[in-house]
Amino acid sequence: AQTVTQSQPEMSVQEAETVTLSCTYDTSENNYYLFWYKQPPSRQMILVIRQEAYKQQNATENRFSVNFQKAAKSFSLKISDSQLGDTAMYFCASNYGGATNKLIFGTGTLLAVQP
Amino acid sequence: DVKVTQSSRYLVKRTGEKVFLECVQDMDHENMFWYRQDPGLGLRLIYFSYDVKMKEKGDIPEGYSVSREKKERFSLILESASTNQTSMYLCASSPGQGGPNTEAFFGQGTRLTVV
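Residues numbered from 1 in each chain as written. Chains lettered and ligands numbered in written order. Predicted model: local features only at pLDDT ≥ 70, side-chain atom pairs only at ≥ 80, totals over all residues. Heavy atoms only, no water.

Per the secondary structure count, chain A includes 0 helices and 12 strands. On the principal axes, the C-alpha backbone points of chain A span a range of 45 × 30 × 20 Å. Of all 115 residues assigned to chain A, the portion counted as buried reaches 50%. Sequence-distant contacts, at least 24 apart, represent 55% of the contacts inside chain A between residues at least 6 apart. Put simply, chain A shows about 5,600 Å² of open surface, and 45% of that area lies on carbon and sulfur atoms. Treating the 9 positive side-chain charges of chain A as one cloud and the 9 negative ones as another, the clouds have centres 7 Å apart. (Helix = DSSP H or I, 4+ residues; strand = E, 2+ residues; numbered from the N terminus. Buried < 20%, exposed > 50% of the residue type's maximum accessible area, 1.4 Å probe, protein only. Contact = heavy atoms within 4.5 Å. Areas by Shrake-Rupley, 256 points an atom, 1.4 Å probe, with all protein chains shown as cover. Lys, Arg positive; Asp, Glu negative; His and termini not counted. Charge placed at Lys NZ, Arg CZ, Asp CG, Glu CD.)

This is the structure in structure tokens:
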């Protein structure tokens, strides 16, 4: 079975500091995408960043970057210069391709940014 | 601006009732999904549809059915609501068939309480 695992249910970081959220996955597919989604309190889920498995270069979107270790099946999210608006539930997800864009999600990490 | 709209933000239903959760997207997406979100369990896929009248079971389809008569609308049906179906339900859509590099867009969620 294809799985996505997030081992940190909750994390806390001080404003302006850097925090890393962990994610591991398991698949036998060769091509797939990995995603981090953000769900702010009482708001819609939005995409933060994505990484294609065959690309070695780690994806970066402004203050958000990933550390993709394909051999270790690890996909962590680093948030630099944390802001209060980063407080949210973060979900790691994987799309294992095929005929549909079926997303498998982890259990989520609740990140609290403290002032 | 892309939009996925769920018909209700909050619903309270009685045990045994037939419940309809509606989702509409305005992006002409082929794929639509229903997830259930529970604390500590992340998002679990109930059903997905990759075309009109086409559907596939996700990881937890028991007690649910779906309908997709038009491309823009995907309905989740609880045939006989039970208290263990109390949860947050999220609808999502994404473009294309094949190619794992597509972003999923989410609705705002429906918090269903079955009493």
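Now that the structure is up, let's keep going.
Turning our eyes to something else, we now look at the state of the cysteines. Residues and elements named next belong to chain A. Summed over all chains, the structure comprises 2 disulfides over all chains. The partner cysteine of Cys23 in its disulfide is Cys92, sulfur to sulfur 2.0 Å. Torsion about the S-S bond of the Cys23 and Cys92 cystine: about -70°, corresponding to left-handed handedness. Of this pair, Cys23 sits in the loop between β3 (19-21) and β4 (24-26) while Cys92 sits in strand β10 (residues 88-95), and the two are 69 residues apart along the sequence. (Disulfide = S-S within 2.5 Å.)

Before going further, it helps to spend a moment on the interface of chain B and chain A. Think of interface size as the accessible area that goes away when the parts come together; that is how it is often given. Facing 27 residues of chain B, the contacting portion of chain A comprises 25 residues. Here chain B and chain A share an interface that buries about 2,000 Å² over both sides, 54% of which is from carbon and sulfur atoms. Between B:Glu103 and A:Arg50 there is a salt bridge, with the nearest N and O atoms lying 3.6 Å from each other. Our count for the contact surface shared by chain B and chain A stands at 5 residue pairs in polar contact (both at pLDDT 80 or more). Looking at which element gives the most residues to the side of chain B that touches chain A, the answer is strand β5 (residues 42-51) of chain B, with 5 residues. Here the side of chain B that touches chain A is built from residues that sort into 12 nonpolar, 12 polar and 3 charged. (Buried area = accessible area lost by both parts, 1.4 Å probe. Salt bridge = Lys/Arg side-chain N within 4 Å of Asp/Glu carboxyl O. Polar contact = N/O pair within 3.5 Å; in protein donor to acceptor, adjacent residues only side chain to side chain. Nonpolar A, V, L, I, M, F, W, Y, C, P; charged D, E, K, R; others polar.)

Further remarks concern the environment of B:Ser80. Residue and element names in this part refer to chain B. One can find Ser80 in the loop between β8 (73-78) and β9 (87-94). Between the C-alpha atoms of Ser80 and Gly16, which are 64 residues apart in sequence, the distance is 4.4 Å. When near neighbours in sequence (up to four residues on either side) are disregarded, Ser80 contacts Gly16, Glu17 and Gln85.

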